[in-house]
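Notes for the structure review
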Amino acid sequence: MEPGIFTNLFQKTINTVIAIGSFFYSTIDGVRADFSYLDVDVSNNVVIVSTQLINGYSDDLDQIFRSGERITIHYKLELYSNQSNQPIYQKDFNHSIRYSLLEKTYDIYKSEIETVLIGLDFIRAKNELSQIIAIPTIEVAQLNKNVDYHFRITAWMSNIQLQGMDEPLNLMYYWSSIRPVNESPIFRNMISIQ
């Protein structure tokens, strides 16, 4: 038999197990995903943000990652001032993971840096999926002096369609249907704008 036959059989088996489990959404042991911190810094006169999604993976979600389907985590980063309830800056980006059934490795795509990391083991892939490092945002010159600011970041997962399922699988059940949100400490632009 060819390796492709085993690969297809493996994928169908994984998808069947996931599909059966998804009929019992109420029994899914969801985790409470969160962010470990939201660090704000300045580099080359641009405000940069770093954070990491934590506690976002359960054994059930790990199995779904092995399905071979592309799983996407969406991130929304917003900047607020104490003078407005509406964000004055917003950046949307995503990270996606895909398992190669043939290679038995993972690929990660990070939209904010337009990079694909290929051939990762599972631990490194999950780490890369969760890490947001030094994302450039707004220029310091666009911030008003002596105004309080803070960033807010939110994450969520897209639904996926697995073979053998009539309805899309709502991956947010694996995060107890709660979008993780975190806010940075308040900061000010203390540099005079010339």
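Anything mentioned here points back to the structure above.
First things first, this report covers the structure right here in the doc. Numbers given to residues run from 1 along each chain, matching the order in which its sequence is written. For this predicted model, a pLDDT threshold of at least 70 governs which residues receive local features, and a threshold of 80 or more governs which side-chain atom pairs are given and counted, while totals over whole chains, interfaces and linings are taken from all residues. Values shown for side chains rest on all heavy atoms present in the structure; no hydrogens or waters enter the calculation.

Re the pattern of salt bridges
Short version of the rule: Throughout this description, the term salt bridge denotes a Lys or Arg side-chain nitrogen within 4 Å of a carboxyl oxygen of Asp or Glu. Counting from the N terminus, the helices are the DSSP runs of H or I reaching at least four residues and the strands are the DSSP runs of E reaching at least two. Classification of residues uses two cut-offs on accessible area relative to the type maximum, computed with a 1.4 Å probe and protein chains only: under 20% is buried, over 50% is exposed, and between them is partly exposed.
Per the counting criterion, the structure on display carries five salt bridges. We note a salt bridge from E128 to K110, for which the minimum N-O separation is 3.0 Å. Taken together, the residues span a long stretch of sequence, with E128 in helix α3 (residues 122–130) and K110 in strand β5 (residues 105–110) at a distance of 18 residues. R152 is paired through a salt bridge with E183; the nearest N and O atoms lie 2.7 Å apart. With R152 in strand β8 (residues 148–157) and E183 in strand β9 (residues 181–183), this pair connects stretches of sequence that are 31 residues apart. In this structure E183 comes out as partly exposed when scored by relative accessible area, which is 39%. Each of K110, R124 and E128 takes part in a single network of salt bridges with overlapping partners.

Some words on the environment of D60
Residue position: D60 is located in helix α2 (residues 59–65). Spatially, the C-alpha atom of D60 lies 8.9 Å from that of G30, the residues being 30 residues apart in sequence.

Observations regarding the environment of V147
Our working rule: We call two residues in contact when some of their heavy atoms are within 4.5 Å.
Residue placement: V147 occurs in the loop between β7 (131–139) and β8. Sequence spacing of V147 and N189 is 42 residues, and the spatial spacing of their C-alpha atoms is 6.9 Å. Setting aside anything within four residues of it in sequence, one finds V147 in contact with S81, N82, Q83, F187, R188 and N189.

Thoughts on the environment of I108
Mapped onto the fold, I108 is located in strand β5. Relative accessible area serves as the criterion here: at 0%, I108 is assigned to the buried category. Placed ten residues apart in sequence, I108 and R98 show a C-alpha to C-alpha distance of 6.7 Å.

Considerations on the packing of aromatic side chains
Applied cut-off: Any Phe, Tyr or Trp ring, taking Trp's six-membered ring, that has another such ring centre within 6.5 Å forms a pair; planes under 30 degrees apart are called stacked, those over 60 apart edge-to-face, and the others tilted. A ring has a charge above it when a Lys NZ or an Arg CZ is no more than 6 Å from the ring centre and no more than 35 degrees off the ring normal.
Under the criterion given, the structure shown has eight aromatic pairs. Seen in terms of ring centroids, Y99 and Y106 are 4.6 Å apart; in terms of plane orientation they differ by 40°. Their pairing is tilted. Pair check on accessibility: Y99 and Y106 agree, each one buried. Clustering of aromatic rings is evident, with ring pairs tying together Y57, F65, Y99, Y106 and F122. The lysine or arginine in question, R66, covers the ring of F122, its NZ or CZ lying 4.5 Å from the ring centre. The cationic tip of R179 hangs over the ring face of W156; the distance from NZ or CZ to the ring centre is 4.3 Å.

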